[in-house]
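Residue-level structure breakdown
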Amino acid sequence: MNTITAALGTDRVRRLRAALTVLLAAAVAGYLPFYFAPFQVFQLTMVLLYAVALAGLNLLVGFGGQISLGHGAFFAAGAYTTAVMLDRYDTGHLATLPVAAAGCFLLGLGFGVPALRLRGLYLALVTLSFAVFLPPLLKRLEPVTGGSMGLTVDKLQPPMWSGLAEDQWMYFVVLAVSAVALLLARNLLRSRVGRAMLAVRDNESAAEVMGVRLSLHKTLAFAWSAMFAGVAGCLYTWVIGFVSPDSFSFVLSITLLAGLVVGGLASLYGPLLGAAFVMYVPSVSQDVSEAAPGLVFGLLIITVMFVAPTGLAGLPGRVLGAVARRLPRATAALDRTPQAESAPDAEPKSRAESGPFATRTPAYPAVVDAEPVGAPPRTEKE
C-alpha cells in the first residue's frame, strides 16, 4: 500500500512539474513578440514553422528508422497548395491549412510505397530525386504555379479587435498551429501507431513476429511526415506571402535533415533546437564570412557533432553523465591528499607499508612453530 501511495505521489509531482513547465514556456512565448523588434519576431516565427517540418521529419527518420532527402519537396507541395488556393480561387487563409495537410498526407502515402522495398542509401536516392525534379516541374506548370516568377499572395492580416501588428499576429497564429502540431506528434508516438513505428525501427523481424504490419506502418510514417511538412509549407506561405521554385531546391531538404541531426534524432525537443539552428546559423555564417558562408556553416555543423554526437537535445544529459562519472574520482583523489593522510584519525604508516614497493601481509595464515628448512622429520617419540 505504501508503494502504491508513493508511486501516485511521484506521478502527481511529475504532472505538476510538467504543468508548471508548460505555463512558464507559454508565458515566455507570449512575452517575446512584445520585447523583440519586428525582424526578430519574424525570425522566431520562422523557427516555429521549421520546427513543425522537423517534427514530421523526426517521425520518419528518428522514430521510424527510415531516411528521406526529399522532405523539402513535401514542404514545397504544402506551400504551393496554399498559394494556388489563395491566388486562383481566392479562398480564406484558414481554409488552406486542412487542404494542404490532407493533400501532403496523400502524397506521402503514395510516395511511401518505394519504402516497402528500398532502404538505406537506395531510399535516400529515391527521395532526393523527388526533391531534385520538383522545382523544374513547378517552372513548367506556369498557368498554375506562375512558372519561374512564382506567386505573390496576401499575408494573413490581424483583425481589428486584436490590436496587434502584422508580425505579432502572424507569430501568435504560427505559435498556436505549432503547439498543436507538436502535441499531435507527441501523442502519436505514445499511441499504438507510434509504438509500432518504434518496433519497426528497432527490429523489423521481431516487430513482424509480434504482429506489426511492416508495409502499413512504413507507409504511414511517410504519410505523417509529409503531412507535417505540408502544414509547415502552408505556414510559410502565410508568413512570406510569396513562393517560387527556387525557394524549394534540394538544398532545403539537406538543410532540414542537417538541422534535425544537429537538434537531436528521436527527441521531442530536437525539432525546436534544430529549427533554431536552421534559422540562425546561416545568418551567423553570412556575418562571419560573406565570401564563403557555406564553409562556416559546414564547420559549425562539424563542431556541434563533435561536441554533441547525439545532438543538442542530448548535450545536457551527456554533460551530467560526465560530471557523475568524474565526481567519485575527484572524491577519491581528495581522500589521497597529504592533508587527509596527516589527519589525526589516520593510522601511521611505515615506509615499508607505503609507496610502490610496499610489502603486503600474505593472505594465508602464518605457520606456528615452523620447522627450519633442511631439518630432519620429527618422530612420534619426539
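Now for a description of the structure that goes with this document. What you are looking at is a predicted structure, and each value in this text was computed from that prediction instead of being measured.

From N to C terminus, the chain includes 15 helices and two strands. Across the 382 residues that make up the chain, the buried fraction comes to 38%. Put simply, 75% of the contacts in the chain that link residues at least 6 apart link residues at least 24 apart. Here the chain has roughly 23000 Å² of accessible surface; of this, 66% comes from carbon and sulfur atoms.

In this section: the nonpolar core. Ranked by internal contacts, the top residues of the largest apolar core, which has 73 residues, are Leu-49, Tyr-50, Phe-75, Trp-238 and Phe-248. Of all elements in the fold, only α2 (38-62), α3 (71-88), α4 (93-111), α5 (121-140), α7 (166-189), α10 (214-240), α11 (250-263) and α12 (270-288) reach the threshold of two or more residues within this core. With 15 residues, the top contributor of residues to this core is α2. In terms of nonpolar packing, the next biggest core, distinct from the first, is built from seven residues, Ala-258, Phe-277, Phe-297 and Val-304 among them.

It is at 9 Å that the axes of α3 and α4 come closest, and there the two elements cross at 140 degrees. As summarised for this structure, α3 and α4 are arranged oblique, according to the angle between their axes. The hand of the α3/α4 crossing is right-handed. Taken together, the residues of α4 that come into contact with α3 (itself represented by Phe-74, Ala-77, Gly-78, Thr-81, Thr-82, Met-85 and Leu-86) are His-93, Ala-95, Thr-96, Val-99, Ala-100, Cys-104, Leu-107, Gly-108 and Phe-111. Broken down by class, the residue content of the contact of α3 with α4 amounts to ten nonpolar, six polar and no charged.

To continue, consider the environment of Phe-250. Structurally, Phe-250 can be placed in helix α11. For Phe-250, the residues in contact, after removing those within four places along its chain, are Leu-128, Ala-131 and Val-132.

On to a nonpolar patch on the surface. Side chains of Val-132, Phe-250, Val-251 and Ile-254 sit close together on the surface and give an oily, nonpolar patch of about 330 Å² of accessible area. It is α11 that provides the largest number of residues to the nonpolar patch, a total of three residues. Relative to the helices and strands, Ile-254 is located in helix α11.

Glancing now at the packing of aromatic side chains. In total, this model carries 18 aromatic pairs according to the counting rule given. When the ring of Phe-74 is compared with that of Phe-130, the centres are 5.5 Å apart and the planes differ by 55 degrees; the resulting orientation is tilted. Separated by 56 residues along the polypeptide, Phe-74 in helix α3 and Phe-130 in helix α5 bring together distant segments of the chain. The pair Phe-74 / Phe-130 is uniform in exposure class, with both members buried.

Turning to the pattern of salt bridges, a few remarks are in order. Inspection of the entire model under this criterion finds four salt bridges. Asp-246 is paired through a salt bridge with Lys-139; the nearest N and O atoms lie 3.3 Å apart. Of this pair, Asp-246 sits in the loop between β2 (242-243) and α11 while Lys-139 is found in helix α5, placing the two residues 107 residues apart along the sequence. You can call Asp-246 exposed: its relative accessible area is 55%. In this structure Lys-139 comes out as partly exposed when scored by relative accessible area, which is 34%. When the shortest N-O distance is used, the salt bridge between Lys-218 and Glu-204 registers 3.0 Å. On the criterion of sequence distance, the pair formed by Lys-218 in helix α10 and Glu-204 in helix α9 (residues 204-209) is long-range, its members being 14 residues apart.

What counts and what doesn't
- Residues numbered from 1 in each chain as written.
- Predicted model: local features only at pLDDT ≥ 70, side-chain atom pairs only at ≥ 80, totals over all residues.
- Heavy atoms only, no water.
- Helix = DSSP H or I, 4+ residues; strand = E, 2+ residues; numbered from the N terminus.
- Buried < 20%, exposed > 50% of the residue type's maximum accessible area, 1.4 Å probe, protein only.
- Contact = heavy atoms within 4.5 Å.
- Areas by Shrake-Rupley, 256 points an atom, 1.4 Å probe, with all protein chains shown as cover.
- Core = buried A, V, L, I, M, F, W, Y, C linked by side-chain atoms within 4.5 Å.
- Axes fitted to C-alpha atoms, helices over the stretch in contact; angles between N-to-C directions.
- Parallel < 35°, antiparallel > 145°, perpendicular 65-115°, else oblique.
- Left-handed = near helix turned anticlockwise from the far one by under 90°.
- Nonpolar A, V, L, I, M, F, W, Y, C, P; charged D, E, K, R; others polar.
- Patch = residues over 30% accessible without salt bridge, like charges linked within 9 Å, V, L, I, M, F, W, Y side chains within 5 Å.
- Salt bridge = Lys/Arg side-chain N within 4 Å of Asp/Glu carboxyl O.
- Phe/Tyr/Trp six-rings, centres within 6.5 Å; stacked < 30°, edge-to-face > 60°.

Without other data, these values stay purely geometric and don't point to any function.
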